[in-house]
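# Descriptive structure summary
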Amino acid sequence: MLICRTDPPGKSLSSLAQPSRPAGRDAGHTAEPLRAKSQREPLHLGEMSADVAVSLAVLAGIVGLSDATRRLVSRSLAGTGLCVYALELVSTFQLCCCTHELRLLADVGGIEPRLALTLTYLAAVVHGLTFRGAIGNPSGTLEHAYHSKISGGCAVRRIACQFAAAAAARAAVPLLWDIGLSRLHVRHKLLGFRCVSPIHAPLPKAAAVELACAFAVQTAITHTRSVEEKYRVHAVAAVIATVVYAGGSTTGAVFNPALAFSTQFPCSGHSFLDYCLVYWLGPLLGMMSSVLVFDKLVPLLSRKPLSHYHVPLETKKRT
């Protein structure tokens, strides 16, 4: 999901940008001042509004193209058994691309937290309404397999599609930014499309935050399945925005292993194993905890002993 910014706009990213050695006298008077200006000067309100407008157009374009692709795939692959995997690819690609753009707005653009949370909520609603049965989350896919909604083989193939789409989005988004549709994209290009780890806590605490976020979201998804879809997506989106607000400053509140692979794993600051612990193991344990609590523990605790209400016949005869 959207990463809540904790540093001043551009501070964390600009500290990573290494100034290039001038190739000549002209390069020293043109390239370096441009790079320094892009790193040091914050965006003005008008520039920020323009960047937000461009990013919203980019998000709308991604969703529109993805939805058109889903409709085409649904018609062309209907009845083949491949439709669900194609939808998984397209929908996860949409999720990852949109999150990349939202994270850029928060980390580099420095938008206000209220606007960031609003965009997070709206994005969650749009994804929920357009996914057409795709899950887009490996943890959720395993939960479906546990409840026998899909087979184990189908779950494995869906997860493979999710990670493939995440990798494709990670490669495609820089190509879009390279066009320079906004000053924000140009600024990010000057920084080499670099990002820093959003983990601002010891690894056990960070993993616990992702666990708690996944627990809350999985619980909301499970307990709203009987609600009409047009209301359900808003309830789940509200929970997502809440956990992003609560845990975004610690880990970014991703709670999705495939999405984290696309948006967090390329960032510097932590190792691959660190990211696996926080963004893969944490959400997986969170999903399992939700399933265990509400499928096993709560029914067990709510079950009242029969002996409190029924006295065995043998006991009555003895008395």
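To be clear, the structure that these remarks concern was listed above.
Described below are features of the structure shown in this document. (Residues numbered from 1 in each chain as written. Predicted model: local features only at pLDDT ≥ 70, side-chain atom pairs only at ≥ 80, totals over all residues. Heavy atoms only, no water.)

### Let's talk about the overall build of the chain
Looking only at helices and strands, the chain features 13 helices and zero strands. Order of helices (α) and strands (β) in the chain, N terminus to C terminus: α-α-α-α-α-α-α-α-α-α-α-α-α. Looking at the 319 residues of the chain, the share that counts as buried comes to 45%. Taking as baseline every contact in the chain between residues at least 6 positions apart, the subset at least 24 positions apart corresponds to 79%. Counting only carbon and sulfur atoms, one obtains 65% of the accessible surface of the chain, whose full area is about 16400 Å². (Helix = DSSP H or I, 4+ residues; strand = E, 2+ residues; numbered from the N terminus. Buried < 20%, exposed > 50% of the residue type's maximum accessible area, 1.4 Å probe, protein only. Contact = heavy atoms within 4.5 Å. Areas by Shrake-Rupley, 256 points an atom, 1.4 Å probe, with all protein chains shown as cover.)

### Some thoughts on the packing of aromatic side chains
Under the counting rule described, the total for this entry stands at eleven aromatic pairs. Between F163 and F261, the ring centres sit 5.8 Å apart and the planes meet at 75°, which makes this aromatic pair edge-to-face. Taken together, the residues span a long stretch of sequence, with F163 in helix α7 (residues 152-178) and F261 in helix α11 (residues 257-263) at a distance of 98 residues. Assessed through its relative accessible area of 22%, F163 is described here as partly exposed. A relative accessible area of 17% places F261 in the buried class. Lying over the aromatic face of F261, R170 brings its terminal NZ or CZ to 4.7 Å of the ring centre. (Phe/Tyr/Trp six-rings, centres within 6.5 Å; stacked < 30°, edge-to-face > 60°. Lys NZ or Arg CZ within 6 Å of the ring centre and 35° of its normal.)

### A closer look at helix α6 (residues 138-146)
Buried within α6 are the following residues: P138, S139, G140, T141, E143 and H144. Looking at the buried side of α6, the elements it contacts are α7, α9 (203-223), α11 and α12 (272-302). Structurally, the start of α6 carries an N-cap: the backbone nitrogen of S139 is 3.0 Å from a side-chain oxygen of N137. Backbone geometry just downstream of α6 places S148 in the positive-phi region, at approximately 60°. (Polar contact = N/O pair within 3.5 Å; in protein donor to acceptor, adjacent residues only side chain to side chain.)

### Here we look at helix α10 (residues 229-247)
Here α10 is 19 residues long and its end C-alpha atoms lie 27 Å apart, about the 27 Å a rise of 1.5 Å per residue gives. Within α10, the full set of buried residues consists of R232, V233, V236, A237, I240, A241, V243, V244 and G247. Structurally, α10 contributes buried residues whose contacts are with α5 (113-130) and α9. (Expected span 1.5 Å × (residues − 1).)

### Let's talk about the state of the cysteines
Scanning the model with the defined rule gives one disulfide in all. What pairs with C195 in a disulfide is C267, and their sulfur atoms sit 2.0 Å apart. Classification of the bridge connecting C195 and C267 rests on its S-S torsion, roughly -105°, and on that basis the disulfide is left-handed. On the criterion of sequence distance, the pair formed by C195 in the loop between α8 (183-190) and α9 and C267 in the loop between α11 and α12 is long-range, its members being 72 residues apart. Here C195 matches C267 in class, with each residue buried. (Disulfide = S-S within 2.5 Å.)

### Examining the nonpolar core
Ranked by internal contacts, the top residues of the largest apolar core, which has 38 residues, are L105, I111, I199, F265, Y275 and Y279. Of all the secondary structure elements, the ones that give two or more residues to this core are α3 (45-76), α4 (83-107), α5, α7, α11 and α12. A total of seven residues in this core trace back to one element, the largest contributor, which is α4. Those residues within four positions of I199 in sequence are excluded, and the remaining contacts are A206, T250, T251, H270, Y275, V278 and Y279. (Core = buried A, V, L, I, M, F, W, Y, C linked by side-chain atoms within 4.5 Å.)

### Concerning a nonpolar patch on the surface
A surface patch of nonpolar side chains, about 320 Å² in accessible area, is lined by L277, L281, L285 and M288. Locating L281 in the fold gives a position in helix α12. (Patch = residues over 30% accessible without salt bridge, like charges linked within 9 Å, V, L, I, M, F, W, Y side chains within 5 Å. Salt bridge = Lys/Arg side-chain N within 4 Å of Asp/Glu carboxyl O.)

### Re the environment of V217
Within the secondary structure, V217 is located in helix α9. V217 sits 23 residues away from I240 along the chain, and the two C-alpha atoms are 6.4 Å apart. Setting aside chain neighbours within four positions, we find V217 in contact with V239, I240, V243 and F255.

Function cannot be read off these values alone, since they describe shape.
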